[in-house]
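# What the coordinates show
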Amino acid sequence: MSNPNTNQSGTRTARDLVGRSKDPVLAEDSPFEAMMARFDHAAELLDLDPGIYNVLREPEKQIIVAVPIHRDNGEIEVFTGYRVLHNTSRGPGKGGIRFDLNVTLDEVKALAAWMTWKCAVVNIPFGGAKGGVVCDPSVLSINELERITRRYTASLIETLGPDSDIPAPDVNTNERVMAWVMDTYSMHKRHSVTAVVTGKPIEMGGSHGRREATGRGCMITTKGALKHLGLPLRGTKVAVQGFGNVGSVAAKLLEQEGLTIVGASDKSGAVYNPNGIYIDDALKWIREHRYLAGYPNADPVSNDELLELDVDVLLPAAVENAITRKNAANIKAKVICEGANGPTTPGADEILDELGVFVIPDILANAGGVTVSYFEWVQDRGGYFWEEKTVVKRLNSIIERSFHDVLSVSIRHGVNLRTAAYMLAVERVAAVHRLRGMYA
Ligand code: NAD
């Protein structure tokens, strides 16, 4: 009987394998399928060796832990935690920890693989990992969150480490949570290990420039795209979905470069002013009122309308699956800079391609954050800390170089930037697998 994974000459190719494990009932918005669709496409175009294709499709390690804690009322509650190491061939696993009710193993697997490709696109010596605890932080006290963090960290003590797996903040985790991870890990090791996490407070080994790094990467890649398309900076109109760390910093830096931010949104709603929204003024409103809704110096629009505004640049910096088959045809922007992870579905990609929209993919556009996390790890290990201007200069250099690397692959192969970024990343990881060979 013939082997279903071999071609007529008996040689297996990635083309024979792609899509094999696709679950037909998973919807367009499954993050794992969205990631795999892009990986499969790149693997086909690269004609990736099927053995390496299979290795890269499977996460190296998937850990599920029970996280029992005492609630403040004395009752014991058991939460579920995950940590996935997708691939560590290029270096230790790197990826955030999220605390959210929607955390699933499927999502953590996708996010871990995304980290593998993102670190490879910017060519930093990390692999991909991700973790999460299924919980609703909004109903937990600070003390309960600390107990969850410490128990989760202790359960993963064999996996975490500056040479093996380095967490960072993600949805609903922050500097304070990273400080607890570092402390718990250090108490087990009997000495301070700052390099076990990034995104720490500066006082305990964090890096200058980390908070602004992801937004800064969005600004640098947007400028690169406009230059490539022959569009000016001054007066170019931008809409930003999500006004948190990534969206608000990117908006501020783009404003400083002469672009006009005409639309902005957060989960409370969206606002539009064709003459421009002054970012410091909007941030002041948020500091005083918590959310953008009600901001007086712009008109209210719906969150859906924000994505379809008549702008030159759209910067989705909030959630996954913002641009889907349903609204992609209504997008008017010439450039989309994906500040968020996975804001565009594969179905929407096809429509945007037809419309000629220049999409800067997440694994390039928002890689500024992990790049400065890498700087933080380097500084912790060297015990020598850089000034902010050094961080900014080195970040600029890595993101600009990566943008041009991806653009070159895109031009050479006649593919869009997303496919080019995946091709570059998959080939870089595959090359290391070929060189290292198969252990045992
Ligand atoms: P954040 O929590 O600081 O901000 C998120 C913002 O999105 C908030 O303003 C929130 O109100 C808004 N929002 C949530 N749902 C929305 C909706 N349906 N419509 C409009 N706005 C909505 O988070 P962040 O750190 O800015 O991260 C945003 C995205 O960027 C996430 O996808 C995250 O994974 C990704 N990302 C973040 C970093 C980083 O360094 N922070 C790095 C890489 C990728």
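What counts, and at which threshold
Residues numbered from 1 in each chain as written. Predicted model: local features only at pLDDT ≥ 70, side-chain atom pairs only at ≥ 80, totals over all residues. Heavy atoms only, no water. Axes fitted to C-alpha atoms, helices over the stretch in contact; angles between N-to-C directions. Helix = DSSP H or I, 4+ residues; strand = E, 2+ residues; numbered from the N terminus. Parallel < 35°, antiparallel > 145°, perpendicular 65-115°, else oblique. Contact = heavy atoms within 4.5 Å. Nonpolar A, V, L, I, M, F, W, Y, C, P; charged D, E, K, R; others polar. Pairing = 2+ DSSP bridges. Buried < 20%, exposed > 50% of the residue type's maximum accessible area, 1.4 Å probe, protein only. Polar contact = N/O pair within 3.5 Å; in protein donor to acceptor, adjacent residues only side chain to side chain. Near = heavy atom within 4 Å. Areas by Shrake-Rupley, 256 points an atom, 1.4 Å probe, with all protein chains shown as cover. Left-handed = near helix turned anticlockwise from the far one by under 90°. Core = buried A, V, L, I, M, F, W, Y, C linked by side-chain atoms within 4.5 Å. Arc of directions from axis to C-beta. Salt bridge = Lys/Arg side-chain N within 4 Å of Asp/Glu carboxyl O. pLDDT = per-residue confidence, 0-100. Phe/Tyr/Trp six-rings, centres within 6.5 Å; stacked < 30°, edge-to-face > 60°.

Before going further, it helps to spend a moment on the packing of helix α2 (residues 31-46) against helix α15 (residues 417-436). For the pair α2 and α15, the least separation of the axes is 9 Å and the interaxial angle reads 70°. Accordingly, the angle class assigned to the pair α2 and α15 is roughly perpendicular. When α2 is examined against α15, the residues Met35, Arg38, Phe39, His41, Ala42, Leu45 and Leu46 are found in contact with a partner set consisting of Arg418, Thr419, Tyr422, Met423, Val426 and Glu427. Partitioning the contact of α2 with α15 into residue classes produces eight nonpolar, two polar and three charged.

If you trace the five strands from one edge of the open sheet to the other, you get β1-β2-β4-β3-β5, paired in mixed fashion. With partners counted over all chains shown, the strands left at the sheet margins are β1 (61-70) and β5 (165-169), one partner each. Neighbour-to-neighbour, the strand axes of this sheet turn through a mean angle of 25°, independent of strand direction. Along the sheet face, helix α5 (residues 142-155) touches β1, β2 (76-87), β3 (93-99) and β4 (127-134) and points at about 140° away from the line of β1.

Relative to the helices and strands, aspartate 100 is located in the loop between β3 and α4 (105-121). When its relative accessible area of 18% is taken as the criterion, aspartate 100 is described as buried. For aspartate 100 and valine 134, which are 34 residues apart along the polypeptide, the C-alpha to C-alpha distance reads 5.3 Å. If sequence neighbours within four positions are ignored, aspartate 100 has contacts with Val133, Val134, Cys135, Val171 and Asn172. Engagement of the side chain of aspartate 100 in a polar contact is seen with the backbone nitrogen of asparagine 102, the distance being 3.0 Å.

Around the ligand sit 20 residues, and of these Thr214, Asn245, Val246, Lys267 and Asn341 come closest. Take lysine 267: an N or O atom from its main chain is 2.9 Å from an oxygen atom of the ligand. Between the ligand and glycine 339 there is a distance of 3.4 Å, counted from an oxygen atom to a backbone nitrogen or oxygen. Starting from 830 Å² of accessible surface for the ligand in isolation, the protein chains cover 72%. Residue assignment for the shell around the ligand shows that the elements contributing at least two residues are α7 (210-229), α8 (245-256) and β7 (260-266). Looking at the shell around the ligand residue by residue, the class counts come to six nonpolar, 10 polar and four charged.

On to the packing of α2 against helix α3 (residues 50-57), then. Relative orientation of the contacting elements α2 and α3 amounts to 160°, with a least axis distance of 12 Å. What the angle tells us is that α2 and α3 run roughly antiparallel. The two elements α2 and α3 cross, and the hand of that crossing is right-handed. Across the interface between the two elements, Phe32, Met36, Phe39, Asp40 and Ala43 from α2 touch Tyr53, Leu56 and Arg57 from α3. Among the residues forming the contact of α2 with α3, the class breakdown is six nonpolar, no polar and two charged.

Among the nonpolar cores identified, the biggest contains 87 residues, and Met35, Phe39, Leu48 and Trp117 are the most heavily contacted of them. Once residues within four sequence positions are removed from consideration, methionine 35 is found in contact with Ala110, Ala113, Trp114, Trp117 and Tyr422. Counting residues in each nonpolar core, the second largest holds 25 residues, with Ile69, Ile148, Tyr152 and Val197 among its members.

What follows covers α3. Restricting attention to buried positions, one finds in α3 the residues Pro50, Ile52, Tyr53, Leu56 and Arg57. Looking straight down α3, one finds its buried side chains confined to an arc of 160°; they lie on one side. Put simply, aspartate 49 is the residue that caps the front of α3, since its side-chain oxygen is 2.9 Å from the backbone nitrogen of glycine 51.

For the rest of this paragraph, the subject is the pairing of strand β10 (residues 313-316). Burial along β10 is two-sided: Val313 and Leu315 and Leu314 and Pro316, pointing in opposite directions, are all buried. As judged from the four bridges shared by strand β6 (residues 237-241) and β10, these two strands associate in the parallel manner. Across the sheet, the residue bridging to valine 240 is leucine 315, located in β10.

So, on to the pattern of salt bridges. A full pass over the atoms with the stated rule returns 28 salt bridges. For lysine 130, the salt bridge goes to aspartate 170, with nearest N and O atoms at 2.9 Å. You can see lysine 130 sitting in strand β4 and its partner aspartate 170 sitting in the loop between β5 and α6 (175-189), a full 40 residues away along the chain. In this structure, lysine 130 and aspartate 170 share a single accessibility class: buried. The salt bridge involving arginine 428 is made with aspartate 405; its shortest N-O contact spans 3.3 Å. Linking arginine 428 in helix α15 with aspartate 405 in helix α14 (residues 388-413), this pair joins segments that are 23 residues apart in sequence. Using a relative accessible area of 23% as the deciding quantity, one classes aspartate 405 as partly exposed. The network of salt bridges with shared partners includes Arg38, Glu338, Asp349, Asp362 and Arg418.

For β1 and β2, the ladder comprises 10 bridges, and the chain directions are antiparallel. Note that in β2 the partner of histidine 70 across the bridge is isoleucine 76. Here β1 folds back onto β2, and the loop between the two strands holds five residues, one of which, glycine 74, carries a positive phi near 95°.

Here we take up the confidence of the model for the protein chain. Summary statistics for the protein chain give a mean pLDDT of 93 and a share of 93% for residues scoring 70 or more. A low-confidence stretch, residues 1-27 stays under pLDDT 50, and its non-local contacts, those more than four residues away or across chains, total 40 contacts.

Moving on, we come to the packing of aromatic side chains. Applying the stated criterion across every chain yields a total of eight aromatic pairs. On the basis of an interplanar angle of 50° and a centroid distance of 5.2 Å, the ring pair of phenylalanine 375 and tryptophan 386 is categorised as tilted. Residue phenylalanine 375 is located in helix α13 (residues 368-382), and its partner tryptophan 386 is located in the loop between α13 and α14; the two are separated by 11 residues in the primary sequence. Accessibility classification places phenylalanine 375 together with tryptophan 386 in one group, the buried group.

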